[in-house]
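Observations on the three-dimensional arrangement
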Amino acid sequence: MSTRDTTIPVGRWRNLGIIAHVDAGKTTLTERLLYKTGTIHRTGEVHDGATTTDHMELERERGITIGAAAVRANWTPQGGQPHRLTLIDTPGHIDFAIEVERSLRVLDGAVVVFSGVAGVQPQSETVWHQARRHGVPLMAFVNKMDRPGADFDATLAQMREKLGANPWVVARPVIDGEHIVGLVDLVSERTWLFDEKGTPAITPWGEAERATHAAARAELVAAVAEYDDALAERWLADQPVDADALAAALRRGTLAGLGQPVLPGSAFRNVGIEPLLDAFVAYLPSPIDRPSVVAHTDNGDVQVAPDAGAPLAALVFKVVNQSHGPLAFVRVYAGRLHVGDAVWRSGSDRTQRVGRLAVVRAEDTEAVEAAEAGDIVAIAGWKDVATGETLADVHHPVRLETIQAQPAVLSWR
Ligand code: GDP
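Here we summarise the structure given alongside this text. (Residues numbered from 1 in each chain as written. Predicted model: local features only at pLDDT ≥ 70, side-chain atom pairs only at ≥ 80, totals over all residues. Heavy atoms only, no water.)

Here we take up the overall build of the protein. Scanning the protein from terminus to terminus reveals 11 helices and 23 strands. Put simply, the protein has 413 residues, and 52% of those count as buried. Counting contacts in the protein only where the partners sit at least 6 residues apart, residues at least 24 apart contribute 69% of the total. Working note: accessible area of the protein is about 18300 Å², and carbon and sulfur atoms make up 52% of it. (Helix = DSSP H or I, 4+ residues; strand = E, 2+ residues; numbered from the N terminus. Buried < 20%, exposed > 50% of the residue type's maximum accessible area, 1.4 Å probe, protein only. Contact = heavy atoms within 4.5 Å. Areas by Shrake-Rupley, 256 points an atom, 1.4 Å probe, with all protein chains shown as cover.)

And the structure:
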């Protein structure tokens, strides 16, 4: 049984959704994110015939992760601490309205993928507003910037017009001829250039770049300072705004829903994947940054805080049927879920023992002993488990599925 995640504290977990209109590149981006995070474990391995190997690895990962509701990966930003990412599959289509609502409940933040060619399309418009209603902090990735006709600024304008968004441009594209080849990182004052294989070279700005990008960076600082007193003070006092101060203000603003960091890229060409992973860590919340959720009991509503020491409250948000039985994906909001524990199930109003817990990764499925507040984990072996069920402490039965989500069903109670 692996313990590779146990040293990463909950403050460095990111449960995030990837949301997109069909064809914007969600599948491609997810694969590339998993591939880039996977290579962290593979450093030191020798690859001969890199192209073939890369291709085969991508194919293998596609096979394993298909159908998984949540995939876990680790990411360490340059010079930073290791973080644990859980990518949650979020249906972008309104036909799955209840599934969309449910997946928005279990994630802590989301990145909305737009096509730089098609811009803001109707499905992402709908889900954007749903996510905002749920108070989910958002970021955006403007994909397909390698395609002729891709227009970063036009997509930003559409985000403002169609979504009422407040896009904070944290990186601008470097275009070579028609293709995007890199990103100008306006926060950390570095330029990322990607080679044919998508391997980045990162260069801190010299004096010339500082001068070239001064206006774009000043625009970002001014836009964030409008909402952030600490940054505004520095800005007004004419003090330099360093990367840490700007990133901290961006994080505060994003968590409060005041703006949305935006980056350009091309999933297809592996351009912008590492900066996006860094941005997840920098700007999106951990489970303990999120407010309490409401749970219902026979004696009225209670607040469930993200506290591992509190009684268990967890929600089954997706059941995936596999050849060896159903896998129930669960978000733990409070308390601990431990193999062998008996838990109360709202679906059947009875207790049941947790036989097996698993975490799905790009490479494999890993058995784990326990999960705690903030975790996303799969329960294997429960035949009759249903989405929307709450699992709770036997002495504190609560229901997490909200009246808000299904008013008609609960109104007769
Ligand atoms: P999804 O429907 O959002 O999951 O989109 P897919 O990931 O399946 O991508 C839809 C199509 O767009 C596929 O043909 C991809 O190869 C292509 N695609 C995805 N990302 C990019 C990109 O960055 N640039 C280009 N040119 N094509 C892309």
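When you line up the elements, Ala371 lands in strand β21 (residues 370–372). The spacing of Ala371 and Ala267 is 104 residues in sequence and 32 Å in space, taken between C-alpha atoms. Excluding anything up to four places from it in sequence, Ala371 contacts Val332, Gly335, Arg336, Leu337, Leu357 and Val377.

This part takes up the pairing of strand β13 (residues 300–304). Where strand β12 (residues 293–297) and β13 come together, five bridges link them in antiparallel fashion. The partner of Val293 across the bridge, within β13, is Val304. Hairpin connection, β12 to β13: the antiparallel pair is bridged by two residues. (Pairing = 2+ DSSP bridges.)

The subject of this paragraph is the nonpolar core. Ranked by size, the top nonpolar core spans 97 residues in total, and within it Met159 and Phe280 carry the most contacts. Considering each element in turn, this core owes the most residues, seven residues, to helix α10 (residues 273–283). Setting aside chain neighbours within four positions, we find Phe280 in contact with Arg14, Leu16, Leu33, Leu85, Val111 and Met139. Ala328, Val359, Ala371 and Leu391 belong to the second-largest nonpolar core, a separate cluster that totals 18 residues. (Core = buried A, V, L, I, M, F, W, Y, C linked by side-chain atoms within 4.5 Å.)

This next bit is on the site of the ligand. Residues in close proximity to the ligand total 15 residues, the closest being Asp23, Lys26, Thr27, Thr28 and Asp146. The contact in question runs from an oxygen atom of the ligand to an N or O atom on the backbone of Asp23, over 2.7 Å. For the ligand, an oxygen atom lies 3.3 Å from a polar atom in the backbone of Ala24. When the ligand is considered free in solution it has 570 Å² of accessible area, and contact with the protein chains removes 73% of it. Per-element tally for the shell around the ligand: the top contributor is helix α1 (residues 26–42), with three residues. (Near = heavy atom within 4 Å. Polar contact = N/O pair within 3.5 Å; in protein donor to acceptor, adjacent residues only side chain to side chain.)

Read across the sheet, eight strands follow the order β18-β17-β23-β14-β15-β22-β19-β20 without closing on themselves; strand pairing throughout is antiparallel. Of all strands in the sheet, those with a lone pairing partner are β18 (350–353) and β20 (365–368), marking the two edges. Within this sheet the neighbouring strands show an average axis-to-axis angle of 40°, counted without direction. Here strand β19 (residues 356–360) runs beside strand β22 (residues 376–380); their pairing, made up of three bridges, is antiparallel. Looking at the pairing, Arg356 lines up with Ala380 of β22. In the packing of helix α3 (residues 97–106) onto the sheet, the strands contacted are β14 (313–322), β15 (325–334) and β22, and the crossing angle to β14 comes to about 125°. (Axes fitted to C-alpha atoms, helices over the stretch in contact; angles between N-to-C directions.)

It is worth spelling out the side chain of Arg331 at this point. With respect to the helices and strands, Arg331 occurs in strand β15. Looking at Arg331, its side chain comes within polar contact range of the side chain of Asp108, at 3.0 Å. Excluding its chain neighbours within four sequence positions, the residues that come into contact with Arg331 are Asn15, Val106, Leu107, Asp108, Pro287, Ala313, Ala314, Leu315, Phe317, Gly374, Asp375 and Ile376.

Across the sheet, four strands lie side by side as β7-β8-β9-β10; this open sheet has antiparallel pairing. Edge strands, defined here as strands with exactly one partner in the open sheet, are β7 (171–176) and β10 (200–204). Strand-to-strand twist of the sheet, defined as the mean angle between neighbouring strand axes without regard to direction, takes the value 25°.

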